[in-house]
Amino acid sequence: MASHRAPVIAVALISAAALAYEILLMRLFSISLWHHFAYMIISLALLGYGASGALLTLMPRAIERHFVALFCAAAAAFGLTAAGCFLLAQQVPFNPLEILWDARQPGWLLALYLLLLLPFLCAGACVCLALARFRGMQPRIYSFDILGAGVGSLGVVALLFVLSPQAALKLIGALGWLAAATAWLECGGRTRWPAALLLAGAGASMLMPAAWLAPTMSPYKELPQTLRIPGARVVLERSSPLGLVSVVESPRIPLRHAPGLSLNATTEPPPQWGVFTDGEGMNALSRFDGRRESLAHLDQISSALPYHLLQRPRVLVLGAGAGADVLQAHYHGASRIDAVELNPQVVELVRGRFGEEAGGVYSRIAQVHVAEARAFLAAGDARYDLIQVALLDGFSASSAGLHALSENYLYTVEALQEALRRLQPGGLLAITRWVTLPPRDTLKLFAAATTALERSGATDSASRLVLVRSWKTATLMVKNGSFDAADIAAIRAFCNARSFDLGYYPGMRPGEANRYNVVERPDLFDGASALLGPGREAFVRDYKFNIAPATDDKPHFFHFFKWRSLPELLASKGRGGLPLLDWGYPVLAATLVQATLASLLLMGLPMAWVSRRRSHAHEAPRSAGGARARMLAYFLAIGFGFMFIEIAFIQKFVLFLGHPLYAVAVVLFSFLLFAGIGSRVAARHPPVKAIVGAIAASAALCLLLLPLLLRHAMGWPDAAKIPLSAALIAPLAFFMGMPFPLGLARVEAVDARLIPWAWGINGCASVIAAVLATLLAIHLGFTAVVLAALLLYGLAAAARP
């Protein structure tokens, strides 16, 4: 059936469904595996967009003759495979922790790639078909594509507040069927029964049992391990875009969670519930009957140290979780407790469902604030005697380096400066981390604290720092002033009574280190001394792990990996050395290699096939090799540039908007919305060089204004910050939406049959760019990523077809 109307509503629907599916898959695989493996699998699956362009390059006549049938079939196939491929992927026995031992695991990983690639191939084929079929309408079609994607990105976040991930997956599958029915009607189908049949497919998708789509959690995560305790069971679950919160009770063998509890302790914790997010990071929710003596165990862990130096302090707890640190402050007689927790579901559970049994920890004991820690610090001026940064991430995830790809703005130099600003004279900042051997995060945190003190004007940093270690945890204290003799006596008495080791205090002698929980060398004392000495830079450079301080521009605190240590770590595999390997970074590098190789195939094979076919047909080429090379450079450059800027600004707005979820939703939606508007304006064919100049000017303006916003507007309400963020992004995104449709118009003028190839190039570039941007940000910072993007747009202007 021939069509003279472009199915733009169907394009918007399938694009919304595809981007919503991408975000939802990240959520589902973060539950079943870990975030960084989810990132790798989904990044490679997104090559389905590139594969759709490669496939359609090989069938130009079919696009002309059978457009409507192909579009409807591809959209319906997305509806079928969105849920079906995830269901099949659940049956693949891939275990990332066995990938270096089990020769079958790479094969299972390839099976996951291929299964999850199919839905994106189908969605990409729909958009590519429309762009290739309707000549001269690329700006209009692309604007509906990108606007639909923007609505999908915002819609799935909103959906996940009211629906489970399984229910959202069924709805996304139904959207594919709806897009197919809409396309049939938009293209003027002579009969209505095919549309009715496709709508029935949408209904069938919604009737699929949700239990079939429930993510199967890895047995190596903390929650499944805890549920192996006889009688342990999940008593409550809550799901949102922030995570799957699970509450576990164990009536037969009570949970006793007190990280690093002194081996000299004579009291045990009261009965507890375990609170997990995505199956990791257990936090204890204690049954508290109001008797302070029932909390005596909280004086036997390393985070209790600051309370032995302060009297009735005013306390701020950052990352309060289920309230263990709040109860610790209450036990030690805090005069006032403010608790900051990011996840409103956790707060609601502690304050509502478990409120009375938990002793009113968030209703009577502390004033709780649902906020991101950095935003809370920046927004107020109240001063505290103690700021306590809670230990919330799980030991297993932390020790395996599973947070290496995650940005964390709580442990940067600027964050520590902000916390020091909120301290009373003589006040303490206390941060507790897991002990890892050799030390990594503890020394990185110590280096950041030293730098923060120096940047804040302190000339005596060595007199303001104390570090102690239990058998499991380490606590760093930073004082707004110098530790005096009375403080040091109290610190030594605290550690001696609990058999904790002194890591560093002003004037400490080497012989005082490593006395109780003995390790091979006094690494903490040696490292702290080196970081305070003249050889700091050499020590950081030569250390086996990356312990350079994290900053707001390079906020990957948990990135410890160094390539030069890899051979040594792999050689120690047989001796149990692989736990020292921070998995996140090597997985990211492997993802980049895999994406690059796959993209080279997807971009190269179609051209080789087309060239061979034309030579056999003795057809004169409409596009010379030089024109194709310029085309390749152009679409690669704008694909890389767009993703570099989008990813960098999402991260830069996390701080301003005070919440990672808000940053993703607002920035992604704003970029896609205004880029969609810009693509419509591109129909007027403005000059590419002028567009690139406007992109550079807009990006420079954003980079200049963001620091001012962080200093002066952080305390504004969200209702003001969100539209302000959108207004700042709007000019940049508007101009970034123009180069792609303009490039397609030039391709059409040269050889319209190469439009699918150009679409595939842009898709492949976007996947590689998403991975490469993270790698560049880890090493060079997000500002450098933006500058690299501007250079790429300049290259695009020079190479325009």
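Residues numbered from 1 in each chain as written. Predicted model: local features only at pLDDT ≥ 70, side-chain atom pairs only at ≥ 80, totals over all residues. Heavy atoms only, no water.

**Overview of the overall build of the chain**
Per the secondary structure count, the chain includes 29 helices and twelve strands. Here the C-alpha atoms of the chain give a radius of gyration of 28 Å, agreeing with the 28 Å that 2.2 N^0.38 yields for 801 residues. By residue count, 61% of the 801 residues in the chain fall in the buried class. When contacts within the chain are restricted to residue pairs at least 6 apart in sequence, those whose partners lie at least 24 apart make up 77%. For the chain, the exposed area adds up to about 29900 Å²; of that, 63% sits on carbon and sulfur atoms. (Helix = DSSP H or I, 4+ residues; strand = E, 2+ residues; numbered from the N terminus. Rg over C-alpha atoms; globule rule 2.2 N^0.38 Å. Buried < 20%, exposed > 50% of the residue type's maximum accessible area, 1.4 Å probe, protein only. Contact = heavy atoms within 4.5 Å. Areas by Shrake-Rupley, 256 points an atom, 1.4 Å probe, with all protein chains shown as cover.)

**Some points on the sheet that holds strand β7 (residues 367-370)**
With mixed pairing, the eight strands of this open sheet are ordered in space as β7-β6-β5-β8-β9-β11-β10-β12. Of all strands in the sheet, those with a lone pairing partner are β7 and β12 (501-504), marking the two edges. Between one strand and the next, the sheet's axes are offset by a mean angle of 20°, whatever the strand orientation. In terms of strand pairing, strand β10 (residues 465-469) meets strand β11 (residues 473-479) through five bridges, oriented antiparallel. Of the residues in β11, the one forming a bridge with Val-466 is Met-477. (Pairing = 2+ DSSP bridges. Axes fitted to C-alpha atoms, helices over the stretch in contact; angles between N-to-C directions.)

**Observations regarding the packing of helix α16 (residues 413-421) against helix α17 (residues 441-455)**
In contact at an axis separation of 8 Å, α16 and α17 are set at 60° when each is read in the N-to-C sense. When the axis of α16 is compared with that of α17, the two are oblique. Between α16 and α17 lies a crossing of right-handed hand. On the side of α16, the interface is formed by Val-413, Glu-414, Leu-416, Gln-417 and Leu-420, while α17 contributes Leu-445, Ala-448, Ala-449, Thr-451, Ala-452, Leu-453 and Arg-455. (Parallel < 35°, antiparallel > 145°, perpendicular 65-115°, else oblique. Left-handed = near helix turned anticlockwise from the far one by under 90°.)

**What about the pairing of strand β8 (residues 384-389)?**
Most of β8 is tucked away, with five of its six residues classed as buried. By the bridge criterion, four bridges tie strand β5 (residues 314-318) to β8 in an arrangement that is parallel. Among the inter-strand pairings, Leu-318 is bridged to a residue of β8, identified as Val-389. Summarising the sheet, β8 and strand β9 (residues 423-434) pair through five bridges and their orientation is parallel. Paired with Gln-388 across the two strands is Ala-430, which belongs to β9.

**A closer look at the environment of Leu-416**
Along the chain, Leu-416 falls in helix α16. Linking Leu-416 and Met-26, residues 390 residues apart in sequence, is a C-alpha distance of 31 Å. Residues in contact with Leu-416, not counting those within four places in the same chain, are Leu-410, Leu-429, Ile-431, Leu-445, Ala-448, Ala-449 and Ala-452.

**Remarks on helix α25 (residues 688-712)**
Here α25 contains 25 residues, and its C-alpha end-to-end distance of 36 Å stays within 8% of the 36 Å for a straight helix at 1.5 Å per residue. The largest bend in α25 comes to about 25°, at Leu-705, with the proline Pro-707 one to four residues further on. Turning to α25, its buried residues number three or more, namely Val-688, Ile-691, Val-692, Ala-694, Ile-695, Ser-698, Ala-699, Cys-702, Leu-703, Leu-706 and Leu-709. (Expected span 1.5 Å × (residues − 1). Bend = angle between axes of the 7 residues up to and from the residue.)

**Considering the pattern of salt bridges**
All told, the structure shown has 27 salt bridges when counted by the stated rule. Between Arg-27 and Asp-278 there is a salt bridge, with its nearest N and O atoms 2.4 Å apart. Of this pair, Arg-27 sits in helix α1 (residues 8-32) while Asp-278 sits in the loop between β3 (272-277) and β4 (280-286), and the two are 251 residues apart along the sequence. Of the residues examined, Arg-27 reaches a relative accessible area of 9% and is grouped as buried. With a closest N to O distance of 2.5 Å, Glu-249 and Arg-233 form a salt bridge. Of this pair, Glu-249 sits in strand β2 (residues 243-249) while Arg-233 sits in strand β1 (residues 233-240), and the two are 16 residues apart along the sequence. Assessed through its relative accessible area of 15%, Glu-249 is described here as buried. With a relative accessible area of 44%, Arg-233 lands in the partly exposed category. One network of salt bridges, in which partners are shared, links Arg-233, Glu-249, Arg-287, Arg-353 and Glu-357. (Salt bridge = Lys/Arg side-chain N within 4 Å of Asp/Glu carboxyl O.)

**A closer look at the side chain of Ser-698**
Mapped onto the secondary structure, Ser-698 falls in helix α25. Those residues in contact with Ser-698 that lie beyond four places of it in its chain are Pro-731, Leu-732 and Phe-735.

**Some thoughts on the packing of α25 against helix α29 (residues 782-799)**
Where α25 contacts α29, the axes come no closer than 9 Å and their chain directions differ by 170°. Here α25 lies roughly antiparallel to α29, going by the angle between them. The segment α25 lies against α29, with Val-688, Lys-689, Val-692, Ile-695, Ala-696, Ala-699 and Leu-703 engaging Thr-783, Val-786, Leu-790, Tyr-793, Gly-794 and Ala-797. Here the contact of α25 with α29 is composed, by residue class, of ten nonpolar, two polar and one charged. (Nonpolar A, V, L, I, M, F, W, Y, C, P; charged D, E, K, R; others polar.)

**Considerations on a positive patch on the surface**
Taken together, Arg-630, Lys-689, Arg-746 and Arg-800 make up a surface patch of like positive charges. Counting through the fold element by element, Arg-800 comes out in the segment after α29. Taking relative accessible area as the criterion, Arg-800 reaches 33% and is therefore assigned partly exposed. (Patch = residues over 30% accessible without salt bridge, like charges linked within 9 Å, V, L, I, M, F, W, Y side chains within 5 Å. Lys, Arg positive; Asp, Glu negative; His and termini not counted. Charge placed at Lys NZ, Arg CZ, Asp CG, Glu CD.)

**Here we look at the nonpolar core**
Formed by 162 residues in total, the largest nonpolar core has its most connected members in Tyr-21, Phe-78, Phe-635, Ile-645 and Phe-649. Examining the composition of this core, we find that 19 residues originate from one element, helix α23 (residues 625-657), more than from any other. Those residues within four positions of Phe-635 in sequence are excluded, and the remaining contacts are Phe-740, Gly-743, Leu-744, Val-747, Ala-758, Ile-761, Asn-762 and Ala-765. (Core = buried A, V, L, I, M, F, W, Y, C linked by side-chain atoms within 4.5 Å.)

**Some points on a nonpolar patch on the surface**
A surface patch of nonpolar side chains, amounting to about 300 Å² of accessible area, comprises Val-593, Leu-597 and Leu-600. Residue class for Leu-600 comes out exposed when judged on its relative accessible area of 52%.

**A closer look at the environment of Met-714**
Within the fold, Met-714 resides in the loop between α25 and α26 (718-736). The spatial distance from the C-alpha of Met-714 to the C-alpha of Ala-752 is 49 Å, given a sequence separation of 38 residues. Not counting the four nearest positions on each side in its chain, Met-714 is found in contact with Arg-374, Ala-375, Ala-378, Ala-379, Leu-655, Phe-656, Leu-709 and Lys-721.

**Topic: α1**
Across its 25 residues, α1 extends 36 Å between first and last C-alpha, which sits within 8% of the 36 Å expected from 1.5 Å per residue. With respect to burial, α1 is a largely interior element, 21 of its 25 residues being buried.

**Observations regarding the packing of aromatic side chains**
According to the stated counting rule, one finds 27 aromatic pairs in the structure shown. Centroid distance Phe-557 to Phe-560: 6.1 Å. Interplanar angle 80°. Geometry classified as edge-to-face. Residue class for Phe-560 comes out buried when judged on its relative accessible area of 4%. Geometrically, the ring pair formed by Phe-649 and Phe-653 is tilted, given 6.4 Å between the ring centres and 35° between the ring planes. You can see Phe-649 and its partner Phe-653 sitting in helix α23, four residues apart, about one turn around the helix. Across the pair, Phe-653 and Phe-649 agree in class, each one buried. Pairwise contacts between aromatic rings join Tyr-21, Tyr-49, Phe-78, Phe-120, Tyr-142, Tyr-634, Phe-635, Phe-740 and Trp-759 into one cluster. (Phe/Tyr/Trp six-rings, centres within 6.5 Å; stacked < 30°, edge-to-face > 60°.)

**Things to note about the sheet that holds β2**
Taken in spatial order, the four strands of this open sheet run β1-β2-β3-β4, and their pairing is antiparallel. The sheet is open, and its two borders are formed by β1 and β4, each paired with just one other strand. Strand-to-strand, the axes of this sheet are offset by a mean angle of 20°, without reference to chain direction. Here four bridges tie β2 to β3, and the two strands are oriented antiparallel to one another. Within β3, the residue paired with Val-245 across the bridge is Thr-277. Each of β1, β2 and β4 touches helix α12 (residues 344-353); the most contacted strand, β1, lies at about 135° to it.

**Considerations on the confidence of the model for the chain**
With 91% of its residues at a pLDDT of 70 or more, the chain shows a mean pLDDT of 87. Within the chain, no element has a lower average pLDDT than helix α15 (residues 395-399), which sits at 39, and none a higher one than β10, at 97. Counting contacts from residues 394-404, a segment whose pLDDT is below 50, to residues more than four positions away or on other chains yields 37 contacts. (pLDDT = per-residue confidence, 0-100.)

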